[in-house]
Amino acid sequence: YFIDVYKGKYDAEHNLYHYLLYVLYIPYLFIGPISRYDQIKTTLFAKRKITESNVFHGLLRIVWGLFKKLVIAGRAGILIATITNNHNTGAFVLFALFLYSIQLYTDFSGGIDIVLGFSKILGIELPENFKVPYLAENLKDFWHRWHMTLSNWLKDYVYIPLGGNRCSKIRNKFNIIITFVISGLWHGINYFLWGLFHGILVAFTKKTKSKFKWINRAIN
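As the structure is a prediction and not an experimental result, all values here were calculated from the model.

What follows concerns the overall build of the protein. Of the regular secondary structure elements, the protein holds 11 helices and 0 strands. Ordered by position from N to C terminus, the α and β elements of the protein give α-α-α-α-α-α-α-α-α-α-α. Contacts spanning at least 24 positions in sequence make up 57% of the contacts within the protein whose residues lie at least 6 apart. Surface accessibility of the protein: about 14100 Å² in total, with carbon and sulfur atoms responsible for 66%. Computing the positive centroid from 26 side-chain charges and the negative centroid from 12, the protein places the two 10 Å apart.

In structure tokens form, the structure reads like this:
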């Protein structure tokens with residue numbers, strides 16, 4: 001918000017209540033999705049009333065989110081703990097890694113579903129944060145589908161200011177790597193190498209050329 005106002009993207013909000021509502025809207029404050037002021041101010045500040053349709057669809061989204069977090073992610077976590085406590089080699093480890101990917105996605109996206117569902121009940125439309133990321137056909141596509149609001153934030157406030165793709169190929173690859181490193185640091189200092197690794201992969205690996213989507217998805 002401060003960067004956008006400073007750059008003149010939109011005028012500063014003079015209504016203190018509106019500003020605090022945007023900054024401190026509890027449902028997305030801790031988990032997301034990352035909502036831009038200019039994208040949600042209309043729905044956030046509009047006069048609205050709770051409707052049967054919004055309540056129905058909002059509750060459905062909340063129930064689905066709870067199911068993903070408590071049932072799928074919860075049970076996957078139990079299995080992972082059982083495997084890691086009793087087995088540390090071979091297929092068991094690979095299976096635990098597979099389960100962890102399921103646990104991570106369902107836990108995070110389930111939380112987002114709850115936020116979106118609660119906001120839907122209030123008549124507030126927030127941006128989607130996931131688009132079936134495990135159906136991506138390459139790593140770049142995956143990051144366009146996973147935590148999309150963070151990816152877009154990093155693109156607009158890190159990648160593009162660094163030069164984006166409006167530069168030499170080498171500089172562009174450097175911009176991609178730096179963006180992913182910052183993404184890693186966003187999650188904590190322990191994720192520095194994780195960000196560096198993914199940045200290198202996205203910058204230097206080519207898109208899968210197979211005409212079979214299921215092969216592309218399995219490889220990536």
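Inspection of the secondary structure puts I26 in helix α3 (residues 26-29). Here I26 falls in the exposed class, since its relative accessible area comes to 54%. Sequence spacing of I26 and R48 is 22 residues, and the spatial spacing of their C-alpha atoms is 18 Å.

Here we come to the layout of surface pockets. A volume near 430 Å³ is recorded for the second largest pocket. Contributing to the lining of the second largest pocket are 22 residues, with Y22, Y28, I34, S35 and W153 lying nearest its centre. Of all the elements in the fold, those that place two or more residues in the lining of the second largest pocket are α1 (2-6), α2 (16-24), α3, α4 (37-45) and α8 (148-162). Ranked by residue count, the leading element in the lining of the second largest pocket is α2, at 3 residues. In terms of residue class, the lining of the second largest pocket is built from 16 nonpolar, 3 polar and 3 charged.

Take the nonpolar core next. Core analysis: the biggest nonpolar cluster contains 28 residues, and Y22, Y28, L44, L126, W143 and W146 have the highest contact counts within it. Residue assignment for this core shows that the elements contributing at least two residues are α4, α6 (90-122), α7 (139-145), α9 (169-187) and α10 (192-204). A per-element tally of this core places α6 first, with 5 residues. In contact with Y28, not counting residues within four places along its chain, are L21, Y22, P33, S35, I40, L44, V115 and L126.

In total, this model carries 8 salt bridges according to the counting rule given. Where D38 meets K9, a salt bridge forms, and the shortest distance between an N and an O atom there is 3.6 Å. With a gap of 29 residues between them, D38 in helix α4 and K9 in the loop between α1 and α2 connect regions that are remote in the sequence. The partner of R61 in a salt bridge is D113, and the shortest N-O contact between them spans 2.8 Å. Pair noted here: R61 is in helix α5 (residues 52-86) and D113 is in helix α6, with a separation of 52 residues, a long-range link. Among the ionic contacts, a cluster of salt bridges with common partners joins R61, K68, D113 and E128.

Counted by the stated rule, this structure contains 24 aromatic pairs. Centre to centre, the rings of Y1 and Y37 are 5.3 Å apart; their planes meet at 75 degrees, and the pair counts as edge-to-face. Here Y1, found in the segment before α1, pairs with Y37, found in helix α4; they are 36 residues apart in sequence, far enough to count as distant. An aromatic cluster is built from Y105, F108, F130, Y134, F142, W143, W146, F180, Y191 and W194, whose rings are joined through pairwise contacts. Lying across the ring of F204, K173 places its NZ or CZ 5.1 Å from the centre.

What follows covers the packing of α2 against α4. Closest axis-to-axis distance for the α2/α4 pair is 11 Å, and the angle between their directions is 115 degrees. Viewed along their axes, α2 and α4 adopt a mutual orientation that is roughly perpendicular. Between α2 and α4 lies a crossing whose hand is right-handed. Between α2 and α4, the contacting residues are H18, L21 and Y22 on the first element and Y37, I40, L44 and F45 on the second. Classifying every residue of the contact of α2 with α4 gives 6 nonpolar, 1 polar and no charged.

Our focus in this paragraph is the environment of K169. Looking at the secondary structure, you find K169 in helix α9. We classify K169 as exposed; its relative accessible area is 72%. The spacing of K169 and F95 is 74 residues in sequence and 38 Å in space, taken between C-alpha atoms.

Quick notes on the rules
Residues numbered from 1 in each chain as written. Predicted model: local features only at pLDDT ≥ 70, side-chain atom pairs only at ≥ 80, totals over all residues. Heavy atoms only, no water. Helix = DSSP H or I, 4+ residues; strand = E, 2+ residues; numbered from the N terminus. Contact = heavy atoms within 4.5 Å. Areas by Shrake-Rupley, 256 points an atom, 1.4 Å probe, with all protein chains shown as cover. Lys, Arg positive; Asp, Glu negative; His and termini not counted. Charge placed at Lys NZ, Arg CZ, Asp CG, Glu CD. Buried < 20%, exposed > 50% of the residue type's maximum accessible area, 1.4 Å probe, protein only. 1 Å grid on protein atoms, 1.4 Å probe; cavity = no way out; pocket = protein on both sides within 12 Å on 5 of 7 lines; lining within 4 Å. Points joined across faces, edges and corners; volume = space filled by probe spheres on them. Nonpolar A, V, L, I, M, F, W, Y, C, P; charged D, E, K, R; others polar. Core = buried A, V, L, I, M, F, W, Y, C linked by side-chain atoms within 4.5 Å. Salt bridge = Lys/Arg side-chain N within 4 Å of Asp/Glu carboxyl O. Phe/Tyr/Trp six-rings, centres within 6.5 Å; stacked < 30°, edge-to-face > 60°. Lys NZ or Arg CZ within 6 Å of the ring centre and 35° of its normal. Axes fitted to C-alpha atoms, helices over the stretch in contact; angles between N-to-C directions. Parallel < 35°, antiparallel > 145°, perpendicular 65-115°, else oblique. Left-handed = near helix turned anticlockwise from the far one by under 90°.

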